[in-house]
Amino acid sequence: MKAGPTDESRAELYLQAKERMAALLPEDKDGPQRIVAELGPGLREIADNASDAPLRANASLLLGTLHERAGDRRTAISFYRQTLALLPNEIEPRRVLALALAADGQFEAAIPEQEAVVKDDPDDLEAWLLLGEVNVKAGRTEEATKAYAAYEMRRRGLIDGLTLQNKDGTYVMPVDQRAACARALIPARDNGTGLALLYALSREPDPVVRQALAEAMGSQRLTGYKAALTEAAAKEAHPEAKAAMLWAVQEIERDPLESRPGPAPAEGRVMWLKGQVRRDRTRRTCPRQQVRRDRT
């Protein structure tokens, strides 16, 4: 009598499917459906029968991603819900489910999932923007206004954390948190944030934070950053910070966004930024660094 699959053999099949999905080229539009046809039954068996709950959840999540890429969003949502049921205390399944529900036009259903996401990480600017958007599309104007107000409060708080100094010239936040603030500002492509990033780059003494600033600017790809990054790279002695600046310039050249944040504020002309300081000093922490699940 042939023995049934073990969790070890199931894990091997899951990893095989995951590697095949990761190897798909963007132009291979039929690739996800091909993997579903070939490996879908095995992945379903894992999702339903594996004794290890995380393995079942990972198989469910992978099936959801494959079906979503294949254009079957309803089936994808079903698998995302199964993932969440298996790992109810994990936030990433809620994040993925909220995005899929919003993309499917199920805005009312997406709202509680997205509310859980922002509650888990209140400084996730992108999450607040999505919460505002789904509330708008659900016709909840008041709730959308609150979400966008929360986004703005946290955007300003992140700028504070990145730039504020004590009277003696030392920074209020330590290096690792300033770097986290810089990266957390990536979703904020407005001119005010652009000016703040330029200002921070022109004054930041620590190469770790300068590297994070360059990564944020390269991710935003605003054309107004290019001259400042080029000049900073020419002066930068730290190899990793310099590499990040050169990468950022390449990203802007590759796919520029025509928004011009303008020059960094001159010394003595930064009252607009200092005016954003909140009176309560209880929210001075920048977002914790989380590993986001790569759905690509």
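Residues numbered from 1 in each chain as written. Predicted model: local features only at pLDDT ≥ 70, side-chain atom pairs only at ≥ 80, totals over all residues. Heavy atoms only, no water.

### Things to note about the overall build of the protein
Step number 1: Each helix and strand counted, the protein has 14 helices and zero strands in total.
Step number 2: N-terminal to C-terminal, the α/β element order of the protein is α-α-α-α-α-α-α-α-α-α-α-α-α-α.
Step number 3: Per-residue burial over the protein gives 44% buried out of 296 residues.
Step number 4: Taking contacts inside the protein between residues at least 6 apart in sequence as the whole, the part at least 24 apart equals 65%.
Step number 5: For the protein, the computed accessible surface area is about 15400 Å², with 53% contributed by carbon and sulfur atoms. (Helix = DSSP H or I, 4+ residues; strand = E, 2+ residues; numbered from the N terminus. Buried < 20%, exposed > 50% of the residue type's maximum accessible area, 1.4 Å probe, protein only. Contact = heavy atoms within 4.5 Å. Areas by Shrake-Rupley, 256 points an atom, 1.4 Å probe, with all protein chains shown as cover.)

### Considerations on the nonpolar core
Step number 1: By size, the foremost hydrophobic cluster in this structure holds 53 residues, and its most contacted members are Leu162, Leu213, Tyr225 and Leu229.
Step number 2: In this structure Leu229 touches Leu201, Ala214, Met217, Met245, Ala248, Val249 and Ile252, once residues within four positions along its chain are discounted. (Core = buried A, V, L, I, M, F, W, Y, C linked by side-chain atoms within 4.5 Å.)

### Quick look at the side chain of Arg221
Step number 1: By the element assignment, Arg221 lies in the loop between helix H11 (207–220) and helix H12 (226–235).
Step number 2: Engagement of the side chain of Arg221 in a polar contact is seen with the backbone oxygen of Ser219, the distance being 3.4 Å.
Step number 3: What Arg221 contacts, discounting residues up to four positions off in sequence, is Arg189, Glu251, Ile252, Arg254, Asp255, Pro256 and Leu257. (Polar contact = N/O pair within 3.5 Å; in protein donor to acceptor, adjacent residues only side chain to side chain.)

### Some remarks on the packing of H12 against helix H13 (residues 239–254)
Step number 1: The interhelical angle for the contact between H12 and H13, taken along N-to-C directions, is 150 degrees, at an axis separation of 9 Å. Of the possible angle classes, the one that applies to H12 and H13 is roughly antiparallel. In the packing of H12 onto H13, the handedness of the crossing is left-handed. Judged by residue contacts, Lys226, Leu229, Thr230, Ala232, Ala233 and Ala234 of H12 engage Lys242, Met245, Leu246, Ala248, Val249, Ile252 and Glu253 from H13. (Axes fitted to C-alpha atoms, helices over the stretch in contact; angles between N-to-C directions. Parallel < 35°, antiparallel > 145°, perpendicular 65-115°, else oblique. Left-handed = near helix turned anticlockwise from the far one by under 90°.)

### Re helix H3 (residues 53–69)
Step number 1: End to end, H3 covers 24 Å across 17 residues, agreeing with the expected 24 Å (1.5 Å per residue, within 8%).
Step number 2: Among the 17 residues that make up H3, 12 are buried, leaving the element largely enclosed by the rest of the structure.
Step number 3: Three or more residues of H3 are buried, namely Leu55, Ala57, Ala59, Ser60, Leu61, Leu62, Leu63, Gly64, Thr65, Leu66, His67 and Glu68.
Step number 4: Residue Asp52 occupies the N-cap position of H3, its side-chain oxygen lying 2.9 Å from the main-chain nitrogen of Leu55.
Step number 5: Within two residues after H3, Gly71 carries a phi angle of roughly 95 degrees, on the positive side. (Expected span 1.5 Å × (residues − 1).)

### Here's the deal with the pattern of salt bridges
Step number 1: Scanning all chains against the criterion turns up 22 salt bridges.
Step number 2: Arg10 is the partner of Glu45 in a salt bridge, and the nearest nitrogen-oxygen pair spans 2.7 Å. Here Glu45 is found in helix H2 (residues 31–49), whereas its partner Arg10 is found in helix H1 (residues 7–22), with 35 residues between them in sequence.
Step number 3: By relative accessible area, Glu45 is classed as partly exposed at 23%. (Salt bridge = Lys/Arg side-chain N within 4 Å of Asp/Glu carboxyl O.)

### Notes on the confidence of the model for the protein
Step number 1: On average, residues of the protein score 87 in pLDDT, and 86% of them reach the 70 mark or higher.
Step number 2: Within the protein, the lowest mean pLDDT, 31, falls on helix H14 (residues 271–274), and the highest, 98, falls on H11.
Step number 3: Segment residues 263–285 is flagged for pLDDT under 50; beyond a separation of four residues in sequence, or across chains, it makes 43 contacts in the model.
Step number 4: Segment residues 287–296: pLDDT under 50, and 26 contacts once partners within four positions in sequence are set aside and those in other chains are kept. (pLDDT = per-residue confidence, 0-100.)

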